[in-house]
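Residue strings, one per chain:
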Protein chains: 2
Amino acid sequence: MTVTLARIVLASLVEPGNAVLARLVRTSGPVEALRQLLDGPDAPDDVASLSLAARARLGDRDPWRLAEEAREAAERLGARLVTPEDADWPTRAEDLARMSRGAATGLDVDSQPPVCLWVRGAGSVAETVDRSVAVVGARAASQYGLYMATELGFGLAERGWTVLSGGAYGIDAAAHRGALGAGGRTVAVLACGIDTVYPVAHAGLFEQIAAEGLLLSEWPPGATPHRTRFLVRNRLIAALSRGTVVVEAAARSGARSTARRAFQLNRVLMACPGPATSATSEGSNAEIRDHHARLVTTPDQILEEVGRIGEYAAPPVRGRATERDGLDALTARVLDAVPRGRAISAAEIAVVAGVSPTDARRNLPALVARELVVEDEQGRFQTRRRPVARPAA
Amino acid sequence: MTVTLARIVLASLVEPGNAVLARLVRTSGPVEALRQLLDGPDAPDDVASLSLAARARLGDRDPWRLAEEAREAAERLGARLVTPEDADWPTRAEDLARMSRGAATGLDVDSQPPVCLWVRGAGSVAETVDRSVAVVGARAASQYGLYMATELGFGLAERGWTVLSGGAYGIDAAAHRGALGAGGRTVAVLACGIDTVYPVAHAGLFEQIAAEGLLLSEWPPGATPHRTRFLVRNRLIAALSRGTVVVEAAARSGARSTARRAFQLNRVLMACPGPATSATSEGSNAEIRDHHARLVTTPDQILEEVGRIGEYAAPPVRGRATERDGLDALTARVLDAVPRGRAISAAEIAVVAGVSPTDARRNLPALVARELVVEDEQGRFQTRRRPVARPAA
C-alpha cells in the first residue's frame with residue numbers, strides 16, 4: 001500500500017525514466033527512495049540535485065495527500081494504477097534498465113523503466129502487450145503511409161496480435177483504427193496524464209481504445225504533453241512491444257527515436273519502404289538502408305520477424321504463376337524458341353534455342369501435350385496464341 | 001585475323017554464353033574450337049551435341065564467307081568488332097567464367113563470357129565501361145520508376161560515370177535519356193543483332209546512344225530478339241558494370257535476372273525502395289528485404305557503393321537543421337520545457353523539464369542569448385513565437 005502510494009508520489013515529482021531515481025528505487029525500494037528524495041540535502045550530489053527539482057515540484061503539499069489525489073482523479077476516470085508489484089505489470093518494460101546497443105546518448109538519462117502505469121481499459125496489461133507490435137510513424141503522414149498503417153494494424157489484429165502506438169495524428173491513429181476495424185486490441189501509450197486527451201480531436205478514438213484495448217500513461221493525471229515527454233514515452237512503446245514497425249517517417253521524426261530505442265533494446269526493428277521521392281519516407285528508408293530495420297510490406301512479414309520460430313513464415317514474394325513454371329530449364333528454352341504466329345521445324349527451333357536438334361525433338365512433345373505448343377500436319381511447331389509474359393529487356 | 005573470323009563464326013553458330021563452347025575456346029583457342037565444332041561427330045558427347053546445333057545453323061554455307069558477310073553487314077552500319085584479343089576488350093566480362101555465388105541454376109549453361117562484341121559508337125569499350133553502373137528495371141514502369149531512372153541516370157552521368165542498361169521501354173530508356181540529358185555517356189547492351197532496332201520506337205534513342213556512348217551486342221547482325229536472349233544478355237549488363245541498380249521491378253522481372261547475375265558476380269547490387277502497395281516495386285523491395293541489394297535513393301549513395309574507397313561518401317540522411325541542433329541534451333530539455341505564449345519562472349521550468357532549478361537557471365541565459373527564449377522584467381521566461389518542429393508523438 002505505502003509502496004504503491006510512494007510510487008505515485010515518485011511518478012508525480014520526477015519525470016519518468018530518470019536514471020538517478022531508478023537507481024534509488026532499485027537499491028532501496030520506492031518508500032526509502034521517496035524518503036531520501038524528500039530530505040535531499042544530505043544525499044549524494046546527483047540525488048541532491050534531483051531532490052531539489054522534486055521538492056520544487058512538491059511545493060508545500062503533503063506527498064501522501066498528493067498520491068491520494070492522483071488516485072482519486074484516476075478513479076474518477078475509471079483508470080487504475082499498475083505497479084511492478086502487481087502480477088499485471090508488463091515485465092518487458094524492465095528491459096529498459098539494461099539497454100545494450102549504443103545507448104550512451106545525452107537523452108539516455110530518461111531511458112529507465114516506468115515507476116508505475118496509469119491504465120484505462122479492462123484487459124490485463126501484461127497479457128495484452130505480450131503479443132504486441134508497435135506501429136509508429138509520422139503525424140504528417142502521406143495517404144500511402146495512412147493506408148499502410150491501417151492495413152498493418154488490421155492485419156496484425158486479425159492475426160490475434162495487439163497493436164501498440166502513441167495517440168497522435170497520422171500513423172498512430174491509422175494503426176489504432178486498423179486494429180479496431182478488425183475487432184482487435186490496440187494500446188495507446190500517452191505522453192501526458194491519462195485524463196488528458198491530446199490531441200483533443202482523438203477523444204472519440206481514445207474512448208474506443210479504452211473500450212477495446214488499453215490507454216497507458218506513466219504520468220500522473222493532470223500532466224500536460226510536451227516535446228521531451230513524447231521522446232521519453234517513445235522508449236516505452238519500444239520496450240513493451242516485441243518489435244517496432246516504422247511505417248513512414250521523415251528524416252527527423254519522433255518515430256525514429258522509438259526506432260532507436262527498439263534497436264538499443266535488441267527488439268525487432270522493421271520499416272516499410274517508401275518512394276525515394278517522398279520526404280515522409282526518408283527516415284524509414286534510412287533505417288532500412290543502414291540495416292537497422294528489416295524491410296516489411298505485409299503483416300505476415302512482420303509476424304515472421306516477431307513471432308516464435310516457425311510460428312509464422314511469410315510467403316516469398318512471387319508473381320502470378322505461369323505455364324512455364326513446371327518446365328525444366330532446357331524445355332523452357334525450347335519453348336522460348338518456338339515462334340508465335342508462324343510454324344517452324346524442330347531443327348530451326350533447336351538453332352534458335354541453341355540446343356541440339358535431338359534435345360529439341362525430345363522436348364517438343366511435352367510442350368504439345370501441355371498445350372503450350374501446337375504441331376501442324378507438316379510437323380512444324382508454333383506456340384498457342386497466348387500472351388506469355390516477357391521479362392523486362 | 002583468322003582468330004577474329006573464327007570468333008565471328010562461333011558467335012554466329014552458337015548462342016552466347018554457351019558453357020561447352022567457352023571451355024573449348026579456353027582450352028584450344030577460337031580457331032581450333034571452330035574446327036572441332038564443324039567436324040563434330042568424333043568429338044565428346046557434349047561437343048557433339050553442340051556441333052549438331054551449330055552445323056544445323058550453318059547449313060550448307062561456308063563458315064568464312066559467313067564471317068565476312070557479318071563483318072560487311074556490321075561495317076555498313078558503322079559497327080566494329082571487338083574481341084578478347086583487342087586492347088579495347090572489357091576484361092570485366094571475363095568474370096563471367098567464374099561466377100561465385102549460388103550460380104548452379106538451370107540457365108547457367110548460358111552464363112559464360114561473350115566470344116566477341118559488335119560495337120557502335122566512337123569510344124573505347126574498355127574505357128567507357130570501366131566506371132559504369134547498370135541501371136535496370138521494369139518495362140512497364142510507374143511514373144515514379146521512370147522519374148527515378150532518369151534522375152539516377154542524370155546524376156551518375158553528371159558525376160562522370162557511364163550508365164549501362166538494355167534498350168527496352170521503361171526504366172532502360174529513362175536511364176539512358178537521363179544520362180544523355182546530362183551530356184554523359186550511356187551504353188545499351190542489346191539482345192539482338194546490332195543492326196536490329198528493338199523496340200523500333202527506340203530508333204532515335206539508339207542513334208543518340210551510338211553518337212554519345214555505345215551500342216553493344218554479342219549477336220551477329222540479323223539476330224532477332226527473343227526471351228532467352230534477353231536473359232542471356234542480362235548477365236553481360238551485370239558483368240560489365242561495377243554495380244547494378246534495380247530501380248523498379250515487379251516480382252517477376254528480367255531486371256531480377258540481371259540482379260541475380262550481379263549478386264553471383266559479387267558486384268554491388270542496389271535497389272530503389274518503392275511503395276509496398278506498388279506491384280512494380282515488389283521485386284526491387286524483395287531484393288532489399290532479402291539483403292541481396294542495398295537500398296539506394298540518390299546517385300551519391302550509388303557511388304558510395306561502387307566508387308573507390310573514400311572517393312565518394314553520401315551525406316547521411318538528415319532533415320533541415322533547426323536552432324536546437326547546437327544544444328546539449330540538458331539545455332535542449334530546458335528549452336523544451338519553456339512554454340510558448342505565457343511566461344513562467346525558472347523553478348517552474350525546472351519542474352516541467354525534470355531538472356534541478358540550478359540546472360535550469362544555469363542554462364536559460366544561453367537560450368536567451370541565442371534568442372530562443374525571452375526573459376521578461378519579472379525574470380520569467382517564454383519561447384519566441386517561432387514554430388519549433390515537434391516529433392511525431
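Calculation rules
- Residues numbered from 1 in each chain as written.
- Chains lettered and ligands numbered in written order.
- Predicted model: local features only at pLDDT ≥ 70, side-chain atom pairs only at ≥ 80, totals over all residues.
- Heavy atoms only, no water.
- Pairing = 2+ DSSP bridges.
- Helix = DSSP H or I, 4+ residues; strand = E, 2+ residues; numbered from the N terminus.
- Axes fitted to C-alpha atoms, helices over the stretch in contact; angles between N-to-C directions.
- Parallel < 35°, antiparallel > 145°, perpendicular 65-115°, else oblique.
- Contact = heavy atoms within 4.5 Å.
- Nonpolar A, V, L, I, M, F, W, Y, C, P; charged D, E, K, R; others polar.
- Buried < 20%, exposed > 50% of the residue type's maximum accessible area, 1.4 Å probe, protein only.
- Arc of directions from axis to C-beta.
- Right-handed = clockwise from strand over helix to strand, strands pointing away.
- Phe/Tyr/Trp six-rings, centres within 6.5 Å; stacked < 30°, edge-to-face > 60°.
- Polar contact = N/O pair within 3.5 Å; in protein donor to acceptor, adjacent residues only side chain to side chain.
- Domains from an automatic or database assignment.
- Buried area = accessible area lost by both parts, 1.4 Å probe.
- Salt bridge = Lys/Arg side-chain N within 4 Å of Asp/Glu carboxyl O.
- pLDDT = per-residue confidence, 0-100.

Another aspect to go through is the sheet that holds strand β2 (residues 117–120) of chain A. Residue and element names in this part refer to chain A. Spatially, 9 strands are ordered β1-β2-β6-β5-β4-β3-β7-β8-β9 in an open sheet, and the strand pairing comes out mixed. Every other strand in the sheet has two partners, leaving β1 (80–82) and β9 (294–295) as the edge strands with one partner each. Here 4 bridges tie strand β7 (residues 243–248) to strand β8 (residues 268–271), and the two strands are oriented parallel to one another. Each residue of the ladder has a partner; that of Thr244, found in β8, is Leu269.

Here we come to the packing of helix α1 (residues 2–13) of chain A against helix α2 (residues 19–38) of chain A. Residue and element names in this part refer to chain A. At a closest axis distance of 10 Å, the pairing of α1 and α2 adopts a crossing angle of 90 degrees. Between α1 and α2, the angle is such that the two are roughly perpendicular. The segment α1 lies against α2, with Thr2, Val3, Ala6, Arg7, Val9, Leu10 and Leu13 engaging Leu21, Val25, Pro30, Val31, Ala33, Leu34, Leu37 and Leu38. The residue inventory of the contact of α1 with α2, partitioned by class, reads 13 nonpolar, 1 polar and 1 charged.

Moving on, we get to helix α8 (residues 203–212) of chain A. Residue and element names in this part refer to chain A. Among all positions in α8, only Leu205, Phe206, Ile209 and Ala210 are buried. End-on, the buried residues of α8 take up no more than an arc of 135 degrees, which puts them together on one face. Tucked into the core, α8 has its buried residues touching β2, α7 (171–181), β5 (186–190) and β6 (214–217).

Time to look at the pairing of strand β7 (residues 243–248) of chain B. The buried fraction of β7(B) amounts to 6 of the 6 residues, a majority that puts the element mostly inside the structure. Taking the sense of rotation as the criterion, the β-α-β connection linking β7(B), helix α10 (residues 254–264) of chain B and strand β8 (residues 268–271) of chain B turns out right-handed.

Centre-to-centre distance and the angle between the planes together describe a pair of aromatic rings. Residue and element names in this part refer to chain A. Counted under the stated rule, the structure contains 2 aromatic pairs over all chains. Aromatic side chains Tyr198 and Phe230 sit 5.8 Å apart centroid to centroid with 40 degrees between the ring planes, which places their arrangement in the tilted category. In this pair, Tyr198 sits in the loop between β5 and α8 while Phe230 sits in helix α9 (residues 227–240), placing the two residues 32 residues apart along the sequence. Relative accessible area serves as the criterion here: at 30%, Tyr198 is assigned to the partly exposed category.

On to the pairing of β2(A), then. Residue and element names in this part refer to chain A. Here β2 shows two buried faces, one formed by Leu117 and Val119 and the other by Trp118 and Arg120. Looking at chain direction, β1 and β2 are connected through 3 bridges and run antiparallel. Bridge pairing in β2 places Arg80 opposite Val119. Of the strand pairs in this sheet, β2 and β6 are connected by 3 bridges, and their pairing is antiparallel. Following the sheet pairing, Arg120 is matched in β6 by Leu215.

What follows concerns the environment of B:Glu218. Residue and element names in this part refer to chain B. Among the structural elements, Glu218 can be located in the loop between β6 (214–217) and α9 (227–240). C-alpha of Glu218 to C-alpha of Cys116: the two residues are 102 residues apart in sequence and 6.1 Å apart in space. Once residues lying within four places of it in the same chain are set aside, the contact partners of Glu218 are Ala11, Pro16, Pro114, Cys116, Leu117, Trp118, Val232, Arg233, Arg235 and Leu236. Only 2.8 Å separates the side chain of Glu218 from the side chain of Arg235, close enough to count as a polar contact.

Let's shift gears to the sheet that holds β8(B). Residues and elements named next belong to chain B. What the 9 strands build is an open sheet, ordered β1-β2-β6-β5-β4-β3-β7-β8-β9; its pairing is mixed. Only two strands of the sheet have a single neighbouring strand rather than two, namely β1 (80–82) and β9 (294–295). Seen against the sheet, α9 touches β2 (117–120), β3 (132–137), β4 (162–165), β5 (186–190), β6 and β7 and runs at an angle of roughly 150 degrees to β5.

Let us now look at the domain arrangement of chain A. The figure often quoted for interface size is the accessible area lost as the parts come together. Residues and elements named next belong to chain A. You can read the domains of chain A as domain 1 (1–76), domain 2 (78–306) and domain 3 (329–383). One C-alpha centre belongs to domain 1, the other to domain 2; they are set 27 Å apart. With 22 residues of domain 1 at the interface, the matching set in domain 2 holds 22 residues. Both faces combined, the contact of domain 1 with domain 2 buries some 1600 Å², and carbon together with sulfur accounts for 61% of it. At the boundary of domain 1 with domain 2, the tally comes to 2 salt bridges. The partner of Arg229 in a salt bridge is Glu15, with the nearest N and O atoms 2.6 Å apart. Linking domain 1 with domain 2 are 10 residue pairs in polar contact (both at pLDDT 80 or more), by the criterion used here. For the side of domain 1 that touches domain 2, the secondary-structure elements that each account for two or more residues are α1, α2 and α4 (63–76). In terms of residues, the side of domain 1 that touches domain 2 owes the most to one element, α1, which gives 7 residues. Split into classes, the residues belonging to the side of domain 1 that touches domain 2 amount to 12 nonpolar, 4 polar and 6 charged.

By secondary structure assignment, the location of A:Gly181 is in helix α7. Remark: the alpha-carbon pair of A:Gly181 and A:Ala157, spanning 24 residues in sequence, is separated by 8.7 Å.

Attention now goes to the confidence of the model for chain A. Detailed reading of the predicted model is not advised wherever pLDDT is low. Here chain A averages 89 in pLDDT, while 90% of its residues score no lower than 70. Contacts for the low-pLDDT stretch residues 387–393 of chain A, under 50 throughout, to residues beyond four places or in other chains number 28 contacts.

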